[in-house]
Structure formats: C-alpha cells, structure tokens
Amino acid sequence: MSFMYPINYFIFSIFLTLFGLEAGVAVTMFLEYDKYKDRLKRFLMPLWEVTGTFGVFYLVNLEATVPSLLLLLGTVYVAPLLIAGVFFILRNAFLSYSEYMGNPKSEKLYLHVYAIATVLVAFIAISVLDSGISGIGINASAYSINIAKLFINSFNILMFIGIALLSVFLAATVFGIREYKWFTGAAAVLGIVAIAIATYSSLGYMFSNAFGFGLPYLIGLVILLAISLAFYYKSNRYAKYLSLLWFILAINFFGLMQNSMVLGGTVSVNSYIQTGTTAFYVDMVTLIGGIILVVSLVVLIYISYIKKMPNNNGGY
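The numbers attached to residues start from 1 for each chain and follow its sequence in the written order. Local features in this predicted model are restricted to residues whose pLDDT is 70 or higher, and side-chain atom pairs enter the listing and the counts only when it is 80 or higher, whereas totals over whole chains, interfaces and linings include all residues. Computation of side-chain values: all heavy atoms of the structure, hydrogens and water removed.

## Section: the overall build of the chain
Runs of H or I in DSSP of at least four residues are treated as helices and runs of E of at least two as strands, each being numbered from the N terminus. For the chain, the count of helices and strands is twelve helices and four strands. The size measure is the radius of gyration over C-alpha atoms, and the globule rule it meets is 2.2 Å times the number of residues to the 0.38 power. Relative to the 2.2 N^0.38 estimate, which gives 20 Å for 316 residues, the radius of gyration of the chain is 20 Å and therefore close to what a compact globule would have. Expressed as a percentage of contacts within the chain between residues at least 6 apart in sequence, the contacts between residues at least 24 apart total 80%. Whether two residues are in contact is decided by their heavy atoms: any pair within 4.5 Å suffices.

## Side note on the environment of Lys181
Relative to the helices and strands, Lys181 resides in helix H8 (residues 181-202). Given the relative accessible area of 36%, Lys181 is considered partly exposed. With sequence-adjacent residues up to four places away left out, Lys181 is seen in contact with Tyr232 and Tyr233. Between buried and exposed lies partly exposed: a residue is buried under 20% and exposed over 50% of the maximum accessible area for its type, with that area taken using a 1.4 Å probe on protein chains only.

## Brief notes about helix H5 (residues 104-134)
Quick reminder: α-helices carry 3.6 residues per turn. Residues three or four places apart thus point the same way. Taking 1.5 Å of rise per residue, 31 residues should cover 45 Å, and H5 covers 44 Å from first to last C-alpha, within 8% of that figure. Positive phi appears at Gly135, one or two residues downstream of H5, with a value of about 80°. To estimate how far a helix should reach, multiply one less than its number of residues by 1.5 Å.

## As for the packing of H5 against helix H7 (residues 154-174)
In contact at an axis separation of 9 Å, H5 and H7 are set at 130° when each is read in the N-to-C sense. With respect to each other, H5 and H7 are oriented oblique. The element H5 and its partner H7 pack so that their crossing is right-handed. Side by side, H5 and H7 meet where Val119, Ala122, Phe123, Ile126, Ser127, Asp130 and Ser134 of the first sit next to Phe155, Asn156, Ile157, Met159, Phe160 and Ile163 of the second. Lines fitted to C-alpha atoms define the axes here, with helix axes fitted over just the stretch in contact, and angles between the N-to-C directions of these axes take values from 0 to 180 degrees. Put simply, angles under 35 degrees are roughly parallel, angles over 145 are roughly antiparallel, angles from 65 to 115 are roughly perpendicular, and the rest are oblique. By definition, any crossing whose near helix is turned counterclockwise from its far helix by less than a right angle is left-handed, and any crossing with a clockwise turn is right-handed.

## Section: the pattern of salt bridges
Each reported salt bridge corresponds to a side-chain nitrogen of Lys or Arg within 4 Å of a carboxyl oxygen of Asp or Glu. Overall, the coordinates contain one salt bridge when judged by the stated rule. Note that Arg91 is salt-bridged to Glu22, the shortest N-O span being 2.4 Å. You can see Arg91 sitting in helix H4 (residues 78-99) and its partner Glu22 sitting in helix H1 (residues 4-31), a full 69 residues away along the chain. Overall, the relative accessible area of 1% leaves Arg91 in the buried class. Judged by relative accessible area, Glu22 falls into the buried class, the value being 0%.

## Points about the packing of H8 against helix H10 (residues 215-233)
One can describe the packing of H8 onto H10 by two numbers: an axis separation of 10 Å at closest approach and a directional angle of 165°. Considering the angle they form, H8 stands roughly antiparallel to H10. H8 and H10 meet at a crossing whose hand is right-handed. Seen from H8, the contacting residues are Lys181, Trp182, Thr184, Gly185, Ala188 and Ile192; seen from H10, they are Leu225, Leu229, Tyr232 and Tyr233. For this classification, Asp, Glu, Lys and Arg are treated as charged, while Ala, Val, Leu, Ile, Met, Phe, Trp, Tyr, Cys and Pro are nonpolar and the rest, including Gly, are polar. Its residues placed into classes, the contact of H8 with H10 shows seven nonpolar, two polar and one charged.

## A few points about a nonpolar patch on the surface
There is a patch of nonpolar side chains on the surface, built from Phe280, Tyr281, Met284, Leu287, Ile288, Ile291, Ile292, Val295 and Val299 and spanning about 880 Å² of accessible area. Tracing the backbone shows Val295 in helix H12 (residues 277-306). Patch membership needs two things, relative accessible area over 30% and no salt bridge, and members are linked within 9 Å if like-charged or within 5 Å if nonpolar (Val, Leu, Ile, Met, Phe, Trp, Tyr). In these tables, accessible area is a Shrake-Rupley quantity obtained with a 1.4 Å probe, and a residue counts as shielded only by the protein chains included in the view.

## Re the packing of aromatic side chains
Side-chain rings of Phe, Tyr and Trp (the six-membered ring for Trp) are treated as a pair once their centres are within 6.5 Å; stacked means planes under 30 degrees apart, edge-to-face means over 60, and tilted covers the remaining angles. In this structure the tally under the stated criterion is 16 aromatic pairs. Summarising the aromatic geometry, the rings of Phe15 and Tyr58 are spaced 6.5 Å apart at their centres and angled 5° between planes, so their arrangement reads as stacked. Of the two residues, Phe15 is situated in helix H1 and Tyr58 in helix H2 (residues 33-65); the sequence distance between them amounts to 43 residues. Among the aromatic side chains, those forming a connected cluster through ring pairs are Tyr9, Phe12, Phe15, Phe19 and Tyr58.

## Observations regarding unusual backbone geometry
Unusually for a residue other than glycine, Ser235 sits at a positive phi of about 60°. Checked against the element boundaries, Ser235 lands in the loop between H10 and helix H11 (239-258).

## Concerning the side chain of Thr17
Tracing the chain through its elements places Thr17 in helix H1. Among the polar contacts made by the side chain of Thr17, one reaches the main-chain carbonyl oxygen of Ser13 at a distance of 2.7 Å. Ignoring anything within four residues of it in the chain, the contact list for Thr17 reads Leu170, Leu244, Phe247, Ile248 and Ile251. For the purposes of these results, a polar contact is taken to be a pair of N or O atoms within 3.5 Å, where, inside protein, one atom must be able to donate a hydrogen and its partner to accept one; residues adjacent in sequence count only when each atom of the pair is a side-chain atom.

## Notes on H4
For H4, built from 22 residues, the straight-helix expectation of 32 Å at 1.5 Å per residue is met to within 8% by its first-to-last C-alpha distance of 32 Å. Pro80, Ala84, Arg91, Asn92, Phe94, Leu95 and Ser98 are the residues of H4 that are buried.

Functional significance is not addressed by these values, which are geometric in nature.
Structure follows, in structure tokens:
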C-alpha cells in the first residue's frame, strides 16, 4: 500500500494551518488595526515566508502523487485559480509596500488592502477545494465549470465561514489576543458546527464516518480543543502550541473521513495515485525533502517567533 495520499494530506494540513493562521491575522489586522498592529506585524513577514514554502512543497508533492489528475484540475479550475492568482499578487505586493512606508496612514491602507486580498484568496482557494471534495459546480466528464455555482452554494459558504472562524480562534490563541477572549471560544465552537452542518447536508458518508470508525479520533480532538481553550483562558503559553496541533490534526481527521473520495464521494483519489517503482521514489524523496524542510522551518520559526515572543502578556 502506498502512503502517498496520507503523506500528501499531512503536508496539506500544515500548509492550510499556516494559511489559516495568516488569514486570522489578516482579519484581526483589518478589524482591529490600531490595537494589534505592532504585535502582529512582527510575525507577518516570517509567517508569509513559511506559508509560501509549504505551499510550494504541497503543490510539487501533489503533482508527483496524482499526475494523471492534473489535467482535470488544470482544465476545470484554471479560471478561479487565475483569479486567486491576481489577488495573491496584490496580497504580496501590498504586504511588501507596507514594510517600507514611513507614513502611518499609507501603511494602514496598504495593510488593509493586504488583509482584504488575503481573505479573497482564502475564499477562492477554499471554494476550489470544496468543489473538488463535493463536486459542486463542475462537470468532470465534460471538463466544464459553473463558476457562480462553485462559489455560491450552501456547502461552500458554510465551509468558508467555519474555516474563517477557526482561523480567528487560531490567531487569537497563537498571538495571545485576549481582549475578546469570549469570542475565541465561540469562534472555535461555531466554526466546528458550521463545518459539521455543511458535511452532514452535502457529504453524508463523511459525517457517518466521523461517528463510526472515526469516533475515537473525534473524541480526542474534542478533548484537545477543550484543553487548548482552557490553557488560553488561563494565559498559559502552551495554548498556542496545542491549538496549532489541534488544527493540523483536525484537517487530517477531515481527510480520514473523506477516505480518499472526491467529487461528492463518486471518485477515489487512489485510482489516480502514482504506482510502481516511481511511487517508491516519490515517497522517499517526499520523506527526505519533508524532513529537511521541517528542520529548516523549525529553525526559522524559533528565530523569528519563539525568541521574539513577548512573555509579559499573561504567559504569552
């Protein structure tokens, strides 16, 4: 049995966690710029670099894992991904501009543009992922897409709201934002509820899997989330590590419940996975490259985050 699918999903979970953290920072920066600017800007540039590195690693591994699926993905989703690419360029440009602005008003404007562009990239990217999982908005056999339906459907809207709320929870716990601590817990719970409703209404088999063979995993996630929130409310510095771990494990739980099925449970990714000798080499290169990447990023995170993390805010 090839481990390419779970390895690819694990890489994806790290990328989505990092991107979710950045989206939470962007939302906080837009809504409460004056209050949290100094705290969040210190981590924004290193976070952007780490997220981008893992994004490239995931895309390269995806190409190696399911090469025969790339024709469908590249044809059907090219339009929304190009739109996302435009906003991604704006996001990067205005984040860079903000670093060199001496004028506080211009810096605020540029960071607001960055925040809006980041949220739009997140919405488009999540919409594409949701469409791939649910099959909504595309006709795989005809290689066609209905962009309006892809973006505007109950499954996608609920999933985006859920991920956005969980991103706010993640950013609050990681960066010790405690002024609205009551909302942090509510965001975590409401985010999970929104994703559960979306899954139940559109992907019943995944919901059944979660309360079937996935029940022990689900109970473990609930306990870990409760501990993370308890540490957060007690201003324990380990809350941020537990919330990051929870986010990564929760994404992998979703992948486990998905059980390699895409397009609404009609197609198995396993039928597209690289096989034979090539698969072995892909697994080895991914493993070795992943270890090198993780070690490098751990060093970067330690230098950019942990050594610079203030310890005068209730343990944060």
